[in-house]
Number of protein chains: 2
Amino acid sequence: MSLDIVSQSKCFGGTQATCRHASTETGCDMRFAVFTPPQAAHRPVPVVWFLSGLTCTEENFTVKAGAQRVAAERGLMLIAPDTSPRGEGVPDDPAGAYDFGLGAGFYVDATREPWSKHYRMRSYLERELPALVGRELPVDMMRQGIMGHSMGGHGALTIALREPARFRAVSAFAPIVSPMNCPWGEKALTGYLGPNRAMWRTYDACALIEDGARLPALLVDQGTADGFLASQLKPELLEAACEKAEIPLTLRRQDGYDHSYFFIASFMADHLRWHAERLG
Amino acid sequence: MSLDIVSQSKCFGGTQATCRHASTETGCDMRFAVFTPPQAAHRPVPVVWFLSGLTCTEENFTVKAGAQRVAAERGLMLIAPDTSPRGEGVPDDPAGAYDFGLGAGFYVDATREPWSKHYRMRSYLERELPALVGRELPVDMMRQGIMGHSMGGHGALTIALREPARFRAVSAFAPIVSPMNCPWGEKALTGYLGPNRAMWRTYDACALIEDGARLPALLVDQGTADGFLASQLKPELLEAACEKAEIPLTLRRQDGYDHSYFFIASFMADHLRWHAERLG
């Protein structure tokens, strides 16, 4: 398993690169973006993973979130993976929908045909990519944080809840907090996993908490003018689950903000500082 | 002349919008992006114009430069126009080249057919758009600054040199400092203006300075790893012209930076602070 650098640019004293590698889990070439802060020239640095939302690639966060400035100040590596397998032979939604198939891997290991061969984003992000990053990049894997947006917020929360010891800090922007209880999630989980809802619970942040998963703390920002707020995102479900489980949730309802990267950029510095404080 | 808001999002406490209007100068609908800082709710605010480079629309700066954060802190409106006329009936480079026609207006008033009807970006930016902005937006037009990147750096420098009283602050990222002395410029000026090089001088920052134009100060950042540095950008020509004319030029050669928005974003805060100090 080797790592190709597709492009790189100096940025805030560090390096923003796009990398490509052949993935065993997804059975295709995968890309991810990595910002290496200037501090990595001298020592391994902590890493913050950013999982993106529907339709995104590794590029959206990289060019739109404005995260490199604070990451350079605080000495954080940033890694933004793609949101699905891609390439020849990777099946897409038959109708070309934006919310299933390419760009919409939903951070699951699919069990249904024809998705199960390539759509293994859970194992890719839990095992394969961290192993590659730990081997190839100047990173301290004992200090990892994870954040995400929308579908990627769901990804960040569920990965962290299943493996809390791996992450010292977790946060999300406008996450899908319960895919079992929204149209995006029901479509994706039915398609990738089949109709047995018991199999969905490990991919639902609220269900994981109900089933006993815990986090030491959690930061979530949610815009009040987000068009998906009532139908898909439903932060009140996470609020209720965390309250019952006594998980300290900082849920900030940001007045007037929508679902876009203009919202994410506005609060990115807060999130990176939250991570930096916990990553030491 | 009216202004349609195509989209808007809250961003750093202000509003990032994309606007559309029917332009008399270019004979087509034009778009521009505007960031209105929170301070504009209480009083007219200064405005900084950002002119973009080849292939760009109003969107590139808006999503990639990370400028809104400092603009919100300092109370600056940001306006990013498109780089050419567009739409049905607007001619493009016959070969579809990226450096002429659509996305490559070069901030001139074309005098040659078939370009002269629509390619009037100089008059659009010197007269029509400022008049519209001054009438429709909460801006103090006595406090204007201008900056740009690459072709847009050329635009910012030449517009400011021709009309220094309009701008209290001028800066550029990797500007084309002398289109008369580089392939991009020679192609564009020949195409839009014809072969008589005497007609080109008002569109060449170095020639304008040689011919007597002056600015009170100028900030330019140029990456040393910029692939266009030696062939197209040639900051040493601006350095020589400014030295001879006693124009205080702060030219910073930024080690290892390329021509991308990762370079622009890295130094955007410096430029906005330069403008804010001069715009009061």
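Residues numbered from 1 in each chain as written. Chains lettered and ligands numbered in written order. Predicted model: local features only at pLDDT ≥ 70, side-chain atom pairs only at ≥ 80, totals over all residues. Heavy atoms only, no water.

**Things to note about the overall build of chain A**
So, point 1. When you go through chain A residue by residue, the secondary structure sums to nine helices and nine strands.
So, point 2. Over its C-alpha atoms chain A spans a radius of gyration of 17 Å, differing by no more than 12% from the 19 Å that the globule rule assigns to 280 residues.
So, point 3. Seen through its principal axes, chain A has C-alpha atoms that stretch 50 × 45 × 35 Å.
So, point 4. Taking all 280 residues of chain A together, the buried fraction comes to 62%.
So, point 5. For chain A, long-range pairs separated by at least 24 residues make up 71% of all intrachain contacts whose partners lie at least 6 apart in sequence.
So, point 6. In the form shown here, chain A has an accessible surface area of approximately 10200 Å², with 51% of it arising from carbon and sulfur atoms. (Helix = DSSP H or I, 4+ residues; strand = E, 2+ residues; numbered from the N terminus. Rg over C-alpha atoms; globule rule 2.2 N^0.38 Å. Buried < 20%, exposed > 50% of the residue type's maximum accessible area, 1.4 Å probe, protein only. Contact = heavy atoms within 4.5 Å. Areas by Shrake-Rupley, 256 points an atom, 1.4 Å probe, with all protein chains shown as cover.)

**Regarding the sheet that holds strand β6 (residues 139-149) of chain B**
Residue and element names in this part refer to chain B.
So, point 1. Taken together, nine strands build an open sheet; the order of strands is β1-β2-β3-β5-β4-β6-β7-β8-β9 and the sheet is mixed. The sheet is open, and its two borders are formed by β1 (4-11) and β9 (249-254), each paired with just one other strand. The average undirected angle you get between the axes of adjacent strands in this sheet is 20°.
So, point 2. For strand β8 (residues 218-223) and β9, the ladder comprises six bridges, and the chain directions are parallel. Bridge pairing in β9 places Gln-222 opposite Arg-253.
So, point 3. Across the sheet, helix α4 (residues 151-162) lies against β4 (45-51), β6, β7 (167-173) and β8, angled at about 140° from β6, the strand it touches most.
So, point 4. Where helix α9 (residues 261-279) meets the sheet, its contacts fall on β4, β5 (77-81), β6, β7, β8 and β9, and the angle it forms with β7 comes to roughly 165°. (Pairing = 2+ DSSP bridges. Axes fitted to C-alpha atoms, helices over the stretch in contact; angles between N-to-C directions.)

**Re the pattern of salt bridges**
Two side chains with opposite charge may pair up if their charged atoms get near one another.
So, point 1. For the coordinates displayed, the defined rule picks out 39 salt bridges over all chains.
So, point 2. Note that Glu136(B) and Arg135(B) form a salt bridge whose closest N and O atoms lie 4.0 Å from each other. (Salt bridge = Lys/Arg side-chain N within 4 Å of Asp/Glu carboxyl O.)

**Quick look at the packing of aromatic side chains**
Residues and elements named next belong to chain A.
So, point 1. The full count for this structure, using the stated rule, is 22 aromatic pairs over all chains.
So, point 2. Taken together, a centroid distance of 6.0 Å and an interplanar angle of 85° make the contact between Phe-173 and Phe-263 edge-to-face. Taken as a pair, Phe-173 in strand β7 (residues 167-173) and Phe-263 in helix α9 (residues 261-279) lie far apart in primary sequence, 90 residues in all.
So, point 3. Of the aromatic side chains, those joined through ring pairs into one cluster are Phe-100, Trp-115, Tyr-119 and Tyr-192.
So, point 4. The ring of Trp-49 is capped by Arg-166, whose NZ or CZ atom sits 5.4 Å from the centre of that ring. (Phe/Tyr/Trp six-rings, centres within 6.5 Å; stacked < 30°, edge-to-face > 60°. Lys NZ or Arg CZ within 6 Å of the ring centre and 35° of its normal.)

**Observations concerning the environment of Glu73(B)**
So, point 1. Along the chain, Glu73(B) turns up in helix α2 (residues 68-74).
So, point 2. Glu73(B) sits 100 residues away from Phe173(B) along the chain, and the two C-alpha atoms are 22 Å apart.

**Here we look at the relation of the copies chain B and chain A**
So, point 1. For the pair chain B and chain A, the superposition axis carries a translation of 0.0 Å, the fit reaches an RMSD of 0.0 Å, and the rotation angle comes to 180°. Considering both components of the superposition, the chain copies are consistent with a two-fold axis.
So, point 2. When the interface residues of chain B are mapped onto chain A, 100% of them are again interface residues, pointing to one common binding face. (Least-squares fit on C-alpha atoms with pLDDT ≥ 70 in both.)

**Digging into the sheet that holds strand β5 (residues 77-81) of chain A**
So, point 1. Spatially, the nine strands line up as an open sheet ordered β1-β2-β3-β5-β4-β6-β7-β8-β9 (chain A), and their pairing is mixed. Edge positions in the sheet fall to β1 (4-11) and β9 (249-254) of chain A, since each of these pairs with one other strand and no more. On average, each strand axis in the sheet is tilted by 20° relative to the strand beside it, whichever way the strands run.
So, point 2. Sheet contacts for α9(B): β1 and β2 (14-23) of chain A; angle to β1(A), the most-contacted strand, approximately 25°.

**Observations regarding the interface of chain B and chain A**
So, point 1. Taken together, the contacts link 21 residues of chain B with 21 residues of chain A.
So, point 2. Summing both partners gives a buried area of about 1700 Å² for chain B against chain A, and 56% of it is carried by carbon and sulfur.
So, point 3. Summed over the shared surface of chain B and chain A, the number is zero salt bridges.
So, point 4. Run the count over chain B and chain A and you get eight residue pairs in polar contact (both at pLDDT 80 or more).
So, point 5. Mapped onto the side of chain B that touches chain A, the elements with two or more residues apiece are β1, α1 (59-64), α2 and α9 of chain B. (Buried area = accessible area lost by both parts, 1.4 Å probe. Polar contact = N/O pair within 3.5 Å; in protein donor to acceptor, adjacent residues only side chain to side chain.)

**Quick look at the confidence of the model for chain A**
So, point 1. Looking at chain A, the pLDDT average stands at 97 and 100% of residues meet or exceed 70.
So, point 2. Per the prediction output, this complex has pTM 0.97; the corresponding ipTM is 0.96. (pLDDT = per-residue confidence, 0-100.)

**Digging into helix α4 (residues 151-162) of chain A**
So, point 1. Taking 1.5 Å per residue, twelve residues should reach 16 Å; α4(A) reaches 17 Å between its end C-alpha atoms and fits that length.
So, point 2. Those residues of α4(A) not exposed but buried are Met151(A), Gly152(A), Gly153(A), His154(A), Gly155(A), Ala156(A), Leu157(A), Thr158(A), Ile159(A), Ala160(A), Leu161(A) and Arg162(A). (Expected span 1.5 Å × (residues − 1).)

**Quick notes on unusual backbone geometry**
So, point 1. In this model, Glu113(A) is joined to Pro114(A) through a cis peptide bond whose omega is 0°.
So, point 2. By the secondary structure assignment, Pro114(A) is in the loop between β5 and α3 (121-136).
So, point 3. Here Glu246(B), not a glycine, exhibits a phi torsion of approximately 60°, which is positive.
So, point 4. Note that Glu246(B) resides in the loop between α8 (235-245) and β9.

**Re the state of the cysteines**
Think of a disulfide as a covalent bridge from one cysteine sulfur atom to another cysteine sulfur atom.
So, point 1. Counting across every chain of the model gives zero disulfides over all chains.
So, point 2. Just so you know, Cys11(A) is unpaired, no disulfide at all, and the nearest cysteine sulfur is the one on Cys19(A), 14 Å from it.
So, point 3. Cysteine Cys28(B) shares no disulfide, and the gap to the nearest cysteine sulfur, in Cys19(B), comes to 16 Å.
So, point 4. Cys28(B) sits in the buried class, given a relative accessible area of 10%. (Disulfide = S-S within 2.5 Å.)

**Some points on the pairing of strand β3 (residues 28-36) of chain A**
Residue and element names in this part refer to chain A.
So, point 1. With seven of its nine residues buried, β3 lies for the most part within the structure.
So, point 2. In this sheet, β3 lies alongside β2 in antiparallel orientation, the contact comprising nine bridges. Residue pairing in the sheet places Ala-17 in a bridge with Val-34 of β3.
So, point 3. Joining the antiparallel neighbours β2 and β3 is a turn of four residues, in which Gly-27 adopts a positive phi near 65°.
So, point 4. Two strands pair when backbone bridges link them, and β3 and β5 are joined in this way by four bridges, in the antiparallel orientation. The residue of β5 that forms the bridge with Ala-33 is Ala-80.

**So, the side chain of Gln39(B)**
So, point 1. By the element assignment, Gln39(B) lies in the loop between β3 (28-36) and β4.
So, point 2. Residues within four places of Gln39(B) in sequence aside, it is in contact with Val45(B), Ala72(B), Glu73(B), Arg74(B) and Gly75(B).

**Some points on the environment of Thr190(B)**
So, point 1. Here Thr190(B) lies in helix α5 (residues 183-193).
So, point 2. With 41 residues separating them along the chain, Thr190(B) and Ser231(B) place their C-alpha atoms 18 Å apart.

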